[in-house]
Amino acid sequence: MADLEFNSILFSIKNEIAHQMIKYGPACRTVFATHAENEVLDAYNPTVYERRGPGGGGIEDERSYEVTVDAQELTMTIESTATGNPLYEKTDGWDPGYITDIIESGDGYNWKHSEIYLEKLPRPWMEEAGNDFVDNLLMPMIDIAMKQLLGG
């Protein structure tokens, strides 16, 4: 009987954590887009190109972050799906693929019309955004949910 009761409590806890992870998916997108804007875009002025803006599909666009939750494994995966800016597809070295790894590492820049690209300047934000989301939003909400679920 004790095993059944323990398993029931464990199942409830896992369900609540998964629920919180799913519930905060949209907020996760906001955190990642905000970090991209603050740590990558605001820190460096563009030289020759025009930024796409918050709704244009770049790294500051919340819609460019795919958030997947595996409720069984209690994992959350956040992936930036931003690709090279199509406004510049006819320019020398434009990259049509996913650009997050290029921006974060500083490796793989081919576009010839940007000082940042020519400097191969790494501009990471994904890990810090993830830590911020977990530490300041997700974990506090899971803590509140656990207190409600378990009492205390």
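Quick notes on the rules
- Residues numbered from 1 in each chain as written.
- Predicted model: local features only at pLDDT ≥ 70, side-chain atom pairs only at ≥ 80, totals over all residues.
- Heavy atoms only, no water.
- Phe/Tyr/Trp six-rings, centres within 6.5 Å; stacked < 30°, edge-to-face > 60°.
- Helix = DSSP H or I, 4+ residues; strand = E, 2+ residues; numbered from the N terminus.
- Buried < 20%, exposed > 50% of the residue type's maximum accessible area, 1.4 Å probe, protein only.
- Axes fitted to C-alpha atoms, helices over the stretch in contact; angles between N-to-C directions.
- Parallel < 35°, antiparallel > 145°, perpendicular 65-115°, else oblique.
- Left-handed = near helix turned anticlockwise from the far one by under 90°.
- Contact = heavy atoms within 4.5 Å.
- Nonpolar A, V, L, I, M, F, W, Y, C, P; charged D, E, K, R; others polar.

Peer 1: How would you summarise the packing of aromatic side chains if you had to cite specific residues and measurements?
Peer 2: On inspection of all chains with the given rule, the structure shows one aromatic pair. With 5.7 Å between their ring centres and 45 degrees between their planes, F32 and Y65 make a pair best called tilted. Taken together, the residues span a long stretch of sequence, with F32 in helix α2 (residues 25–41) and Y65 in strand β1 (residues 65–70) at a distance of 33 residues. Taking the relative accessible area as the measure of exposure, Y65 reaches 1% and is therefore buried.

Peer 1: Explain the packing of α2 against helix α5 (residues 126–150) to me, using residue names and the numbers behind them.
Peer 2: Across the interface, α2 lies against α5 with an axial gap of 9 Å and an inter-helix angle of 135 degrees. It follows from the interaxial angle that α2 and α5 lie oblique. Where α2 crosses over α5, the two elements pack in a sense that is right-handed. Note on element contacts: α5 touches α2 through M126, E128, A129, G130, D132, F133 and L137, opposite A27, C28, V31, F32, H35 and E39. A breakdown of the residues in the contact of α2 with α5 according to their chemical character gives eight nonpolar, two polar and three charged.

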